[in-house]
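Single-letter residue listing:
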Amino acid sequence: MNDSFSSDKAPDPVGPYPHARKVGNLLFLSGVGPRKKGSKEIPGVTLDENRNITSYNIEEQCHSVFQNVKFILEASGSTWENLVDITVYLTNMKEDFPVFNKIYADYFPDKATQPCRTTVEVNALPTPIAIELKCIAAIKS
């Protein structure tokens, strides 16, 4: 039985790992960023000729990340409502956390079903992005 999952709608992983892996009734997602499937463009990011970020729109990246998480959850037999824990990686906590928090609240309006969450600032992410999510969801049988 294969307990690894990949979505044909989410961007390909940037390394040798699946989009998600099921263990028991839990689904562990690999880190998910805002890239789009089949495109070298990153939503909300402007790069120079050396692929360094010259500007970015955290709001656009947040919406894209959330959409990619939904794609992976659906391909893996779970749903957005089944998220139980999210780790958020931001490259600029001071500037981006307030924007992220506002958007996050729109995606999780019901306090009774909000997943647990940890948000940390990191120096860099594997691709030129400003946000990445690491998620755990339940799979209801």
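See the structure above.
Residues numbered from 1 in each chain as written. Predicted model: local features only at pLDDT ≥ 70, side-chain atom pairs only at ≥ 80, totals over all residues. Heavy atoms only, no water.

Draft legend 1. Seen up close, the sheet that holds strand E2 (residues 20-23). Reading across from one edge, E1-E2-E3-E8-E6-E7 is the order of the six strands in this open sheet, with mixed pairing throughout. Both outer strands of the open sheet, strand E1 (4-5) and strand E7 (116-121), are each paired with one neighbouring strand and no more. Looking at chain direction, strand E6 (residues 83-90) and strand E8 (residues 131-138) are connected through seven bridges and run antiparallel. Paired with Ile 86 across the strands is Cys 135, a residue of E8. In this fold helix H1 (residues 58-75) packs onto E1, E2, strand E3 (26-29), E6 and E8, with an angle of close to 30 degrees to the strand it touches most, E8. In this fold helix H2 (residues 93-107) packs onto E6, E7 and E8, with an angle of close to 160 degrees to the strand it touches most, E7. (Pairing = 2+ DSSP bridges. Helix = DSSP H or I, 4+ residues; strand = E, 2+ residues; numbered from the N terminus. Contact = heavy atoms within 4.5 Å. Axes fitted to C-alpha atoms, helices over the stretch in contact; angles between N-to-C directions.)

Draft legend 2. Structural view of the nonpolar core. Counting residues in hydrophobic clusters, the biggest one holds 27 residues, and the most contacted among them are Leu 29, Val 69, Leu 83, Ile 131 and Leu 133. Breaking this core down by element, the ones donating at least two residues are E3, H1, E6, H2 and E8. With seven residues, the single largest contributor to this core is H1. (Core = buried A, V, L, I, M, F, W, Y, C linked by side-chain atoms within 4.5 Å. Buried < 20%, exposed > 50% of the residue type's maximum accessible area, 1.4 Å probe, protein only.)

Draft legend 3. Representation of the packing of H1 against H2 in the model. Look at H1 against H2: their axes get within 10 Å of each other, and the N-to-C directions meet at 40 degrees. Between H1 and H2, the angle falls in the class oblique. The handedness of the crossing between H1 and H2 is right-handed. Touching Ile 58, Glu 59, Cys 62, His 63, Phe 66 and Lys 70 of H1 are Asp 96, Val 99, Phe 100, Ile 103, Tyr 104 and Tyr 107, all from H2. Of the residues that constitute the contact of H1 with H2, the class distribution is eight nonpolar, one polar and three charged. (Parallel < 35°, antiparallel > 145°, perpendicular 65-115°, else oblique. Left-handed = near helix turned anticlockwise from the far one by under 90°. Nonpolar A, V, L, I, M, F, W, Y, C, P; charged D, E, K, R; others polar.)

Draft legend 4. Region of interest: the environment of Arg 21. Within the secondary structure, Arg 21 sits in strand E2. Residue Arg 21 is classed as partly exposed on the basis of its relative accessible area of 45%. Along the sequence, Arg 21 and Ser 76 sit 55 residues apart, while their C-alpha atoms lie 8.3 Å from each other. Apart from the residues within four sequence positions on either side, Arg 21 is in contact with Asp 3, Ser 4, Leu 26, Leu 27 and Phe 28. Engagement of the side chain of Arg 21 in a polar contact is seen with the side chain of Ser 4, the distance being 3.0 Å. (Polar contact = N/O pair within 3.5 Å; in protein donor to acceptor, adjacent residues only side chain to side chain.)

Draft legend 5. Focus on the pairing of E2. Relative to E2, E1 is paired through two bridges, and the arrangement is antiparallel. From the neighbouring strand, Phe 5 faces E2, where its bridge partner is Ala 20. One ladder, built from four bridges, connects E2 with E3; its direction is antiparallel. In the sheet register, Val 23 faces E3, and the bridge partner there is Leu 26. In this antiparallel pair of consecutive strands, E2 and E3, the connection spans two residues, and Gly 24 shows a positive phi of 60 degrees.

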